[in-house]
Amino acid sequence: MRGARGKSFPVATGHVRADAANSLAPGNPPPETARVCCSRMSRGDMAKPLLGHGSTEGDPGVTPASGRTIGVLGSGDFARSLAIRLVCSGFKVVVGSRNPKRKASLFPSAAEVTFQAEAVKKTDVIFVAVFREHYSTLCDLADVLAGKILVDVSNNTEINHHKESNAEYLASLFPASTVVKGFNVVSAWTLQSGARDGNKQVLICSNNQEAKRTVAEIAQVMGFTPVDMGCMSSACEIENIPLRLLPAWKIPIFLALGLFLCFFTYNLIRQVIHPFIREQKNKLYKIPIEVVNTTLPCVSYVLLSLVYLPGVLAACSQLYYGTKYRRFPDWLDQWLQHRKQIGLLSFFCAALHAVYSLCLPMRRSHRYLLIETAVKQAVEKKMNIWVEEEVWRMEIYISVGIIALGLLSLLAITSLPSIANSLNWREFSFIQSSLGFIALVVSTLHTLTYGWSRAFDENQYKFYLPPTYTLTLLVPCTVIIAKVIFSLPCIRHRLLRIRRGWEKGRYVKFVLPSATGEYSSGETSSNV
Ligand SMILES: Cc1cc2nc3c(=O)[nH]c(=O)nc-3n(C[C@H](O)[C@H](O)[C@H](O)COP(=O)(O)OP(=O)(O)OC[C@H]3O[C@@H](n4cnc5c(N)ncnc54)[C@H](O)[C@@H]3O)c2cc1C
Ligand SMILES: NC(=O)C1=CN([C@@H]2O[C@H](COP(=O)(O)OP(=O)(O)OC[C@H]3O[C@@H](n4cnc5c(N)ncnc54)[C@H](OP(=O)(O)O)[C@@H]3O)[C@@H](O)[C@H]2O)C=CC1
Ligand code: HEM
Ligand SMILES: [Cu+2]
Ligand SMILES: [Fe+3]
């Protein structure tokens, strides 16, 4: 749930009873028993609740940290994991089920499992862990639920599946209760195994601040990070989140696939179809490795240049308008937001390309061709086949390729949230912006030394199509030339001023009253 809009919660303890307050404050470790139980908790333990031996009852040393009782309606996966996590966090739990006898054994013995009506009487915060379609079966409990907080944890099967959110629907069924949306982005498994880095966030919304704060505090005690998503109108958005698959990656993946298809087709024409038509030679064997290994690097290289092109366009726009306060066009804003994903896809393709390249010599076809060439040269009595220029060319382009990949790996590592969080923004920007640009320059050197003079060799033109690497050079070279121009002192200085808030022509014309009291026509200006 990285980057979810919303703000974190101030933990207020005013309204919560004193004993519950200090336990609700973040960072209060759950009681020893609970911690021991949680550390040994595993999926298998779901069926055999461990708390029986170490239940908090009867053990003088340990009282439930919060003493607060939390209700759970439903006895399914989510209800069970929720009960375990709540008990581990020191809450008292009462589960309401239609069939308590049958379900009791699935819950930790510290949790009380009883009928729904019984359960809701014992607490003022109830998690409704049933599907939306079964909400109406709870209507007989409306009186008992009046004035209580209902936490709607439900998800849908499709985005915007219903005209109103499940939480709003629940609120319409129980107008006398207060509904808070929350916990739906947490899977039953995470609930049970505890919050790990990726899905620590619990998005919460409600029209009632107090109720929202209460649920947030419970989330904090459970080890989650509550994120305030505002009022109930955000419930739809919160319910859609678990249904979206890697939203930030869609456009970059389609871009990479599109580039792959184009370059693959181009290379197929040049390396397989051309020899088949012109020389009746069957080169189909080249497809799995050679064609792929001249496609992947091109995709990687173009993607890498598309990471730095928006920064160049952004700079051009700022220089042109003489301000940084003018919104970029949406397409550029979108592009700037997707640079991380484009960069990581570039790294992924480059890494594959490196592995493919290192495997080139181990192929059977490579050996046959090598032997064939050797025999041919022996027959033609060609002894000295060493071409110094070619040797150097290959030594250089492979070595430079390895350096480029090393730099990309560094960028990829600093993309990891745990690493990025350990850098300050200047360090992060230096690595991403400066080192990233150097990686682009080094990759260009690799490509140019690989291509060398092929672009001027007419044998390299198949069906008049130029060698593939020449197609890849356009965007990267544009970015490199632009960056060189921006580094010229006059332009660099202006760009830095703009990025520090200076604005072209932002001055106020005003007329100074002269000593005699008339207004002179002189104009003065000041930057506002
Ligand atoms: C392997 C790899 C991993 C990467 N990982 C990350 C990553 O984790 N996070 C990341 O952000 N990038 C990542 N990138 C992309 C790239 O490295 C960074 O975005 C880098 O900061 C771009 O530098 P730049 O000099 O092009 O532009 P910048 O210097 O970042 O930006 C140029 C100017 O554009 C404007 N600008 C920049 N961003 C915005 C914006 N979002 N909205 C409005 N104006 C803006 C600013 O005025 C800025 O001064 C990765 C790239 C690669 C290859
Ligand atoms: N599973 C997960 O990982 C997650 C689930 N959720 C949400 O949690 C809620 C429960 O999910 P989950 O536990 O997986 O579902 P389950 O089907 O496992 O449990 C749902 C519970 O609802 C009750 N129930 C079932 N049928 C009916 C019925 N016809 N009438 C009344 N009550 C019924 C049952 O409790 P009893 O028989 O005891 O009354 C049952 O245990 C859903 O809204 C889901 O979207 C949210 C995030 C993650
Ligand atoms: C360990 C790192 C690398 C090695 C060993 C390597 C090796 C090679 C080899 C052997 C070729 C010739 C491919 C062939 O003829 O089949 C090649 C071409 C190429 N490489 Fe790399 N490379 C590396 C990294 C990179 C990186 C990081 C990039 C760019 C991001 C890159 C971009 C290219 C390009 C664009 C070509 C030309 C492809 C063509 O037009 O046919 N390489 N590389
Ligand atoms: Cu436990
Ligand atoms: Fe439905």
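In this text the structure is predicted, and so the values were computed from the model without any measurement.

**Here's the deal with the site of ligand 1**
As a structural note, the neighbourhood of ligand 1 is formed by 24 residues, with Gln318, Arg339, Ser415, Gln432 and Ser433 the closest of them. Here Ser415 contributes a side-chain N or O atom positioned 2.5 Å from a nitrogen atom of ligand 1. Between ligand 1 and Arg499, the relevant distance is 3.0 Å, taken from an oxygen atom to a side-chain nitrogen or oxygen of the residue. For ligand 1, whose accessible area on its own is 950 Å², the fraction buried by protein is 79%.

**Some points on the packing of helix α16 (residues 388-413) against helix α18 (residues 425-451)**
Put simply, α16 and α18 touch, their axes get as near as 8 Å, and they point 160° apart. Taken as axis vectors, α16 and α18 run roughly antiparallel relative to one another. For α16 against α18, the interelement crossing comes out left-handed. Facing Arg393, Ile396, Tyr397, Ile398, Val400, Gly401, Ile403, Ala404, Leu407, Leu408, Leu410 and Leu411 of α16, the residues of α18 in contact are Ile431, Gln432, Leu435, Gly436, Ile438, Ala439, Val442, Ser443, Leu445, His446, Thr449 and Tyr450. Among the residues making up the contact of α16 with α18, the classes are represented as 17 nonpolar, 6 polar and 1 charged.

**Quick look at the side chain of Lys286**
With respect to the element layout, Lys286 can be found in the loop between α11 (250-279) and α12 (287-321). Beyond its immediate chain neighbours, meaning those up to four positions away, Lys286 contacts Gln271 and Val291.

**Looking at the pairing of strand β7 (residues 178-181)**
By the bridge criterion, 4 bridges tie strand β6 (residues 149-152) to β7 in an arrangement that is parallel. Residue pairing for β7: Leu150 is matched across the bridge by Val179. For the handedness criterion, the β-α-β arrangement of β6, helix α7 (residues 166-173) and β7 is classed as right-handed.

**Comments concerning the pattern of salt bridges**
Scanning the entire structure with this criterion turns up 17 salt bridges. Between Lys181 and Glu239 there is a salt bridge whose closest N-O contact spans 2.9 Å. In this pair, Lys181 is assigned in strand β7 and Glu239 in helix α10 (residues 235-240), connecting sequence segments 58 residues apart. The burial state of Lys181 is the same as that of Glu239; both residues are buried. In this structure, Arg363 engages Glu290 in a salt bridge whose closest nitrogen and oxygen atoms are separated by 3.1 Å. Pair noted here: Arg363 is in the loop between α14 (339-359) and α15 (364-379) and Glu290 is in helix α12, with a separation of 73 residues, a long-range link. Put simply, Arg132, Lys163 and Glu164 are held in one network by salt bridges that share partners.

**Remarks on the environment of Pro100**
Among the secondary structure elements, Pro100 is positioned in helix α4 (residues 100-103). When sequence neighbours within four positions are dropped, the list of residues in contact with Pro100 reads Val113, Thr114 and Phe115.

**Here's the deal with the domain arrangement of the protein**
Taken domain by domain, the protein comprises domain 1 (69-243) and domain 2 (247-500). If you average the C-alpha positions of domain 1 and of domain 2, the two centres end up 50 Å apart.

**Brief notes about the confidence of the model for the protein**
Per-residue confidence for the protein gives a mean pLDDT of 85; residues scoring 70 or more make up 83%. Within the model, pLDDT remains below 50 along residues 11-65, and this stretch shows 80 contacts once partners closer than five positions in the same chain are excluded. Considering only residues more than four positions removed or in separate chains, one finds that residues 521-526, a stretch of pLDDT under 50, has 14 contacts. Interface confidence in the predicted complex, given as ipTM, is 0.83; pTM for the same model is 0.75.

**Re the sheet that holds β7**
In a beta sheet, neighbouring strands are held together by backbone hydrogen bonds and run either parallel or antiparallel to one another. Within the open sheet, the 6 strands sit side by side as β4-β3-β2-β5-β6-β7. Their pairing is parallel. Single-partner strands in this sheet number two, and they are β4 (112-115) and β7. Taken over all neighbouring pairs, the strand axes of this sheet differ in orientation by 25° on average, direction set aside.

**Some thoughts on the environment of Gly451**
Along the chain, the position of Gly451 falls in helix α18. Classification of Gly451 by relative accessible area gives buried; the value is 0%. Distance from Gly451 to Leu284, taken between C-alpha atoms, is 23 Å for residues 167 residues apart in sequence.

**Observations concerning the UniProt feature "domain: Pyrroline-5-carboxylate reductase catalytic N-terminal" (unreviewed entry) in the protein**
Mapped onto the present numbering, the UniProt feature "domain: Pyrroline-5-carboxylate reductase catalytic N-terminal" (unreviewed entry) falls at residues 69-156. With 30% helix and 26% strand, the stretch residues 69-156 has end C-alpha atoms that lie 28 Å from each other.

Cut-offs applied
Residues numbered from 1 in each chain as written. Chains lettered and ligands numbered in written order. Predicted model: local features only at pLDDT ≥ 70, side-chain atom pairs only at ≥ 80, totals over all residues. Heavy atoms only, no water. Near = heavy atom within 4 Å. Polar contact = N/O pair within 3.5 Å; in protein donor to acceptor, adjacent residues only side chain to side chain. Areas by Shrake-Rupley, 256 points an atom, 1.4 Å probe, with all protein chains shown as cover. Axes fitted to C-alpha atoms, helices over the stretch in contact; angles between N-to-C directions. Helix = DSSP H or I, 4+ residues; strand = E, 2+ residues; numbered from the N terminus. Parallel < 35°, antiparallel > 145°, perpendicular 65-115°, else oblique. Left-handed = near helix turned anticlockwise from the far one by under 90°. Contact = heavy atoms within 4.5 Å. Nonpolar A, V, L, I, M, F, W, Y, C, P; charged D, E, K, R; others polar. Pairing = 2+ DSSP bridges. Right-handed = clockwise from strand over helix to strand, strands pointing away. Salt bridge = Lys/Arg side-chain N within 4 Å of Asp/Glu carboxyl O. Buried < 20%, exposed > 50% of the residue type's maximum accessible area, 1.4 Å probe, protein only. Domains from an automatic or database assignment. pLDDT = per-residue confidence, 0-100. UniProt positions renumbered as here; feature names shortened; annotations may be inferred.

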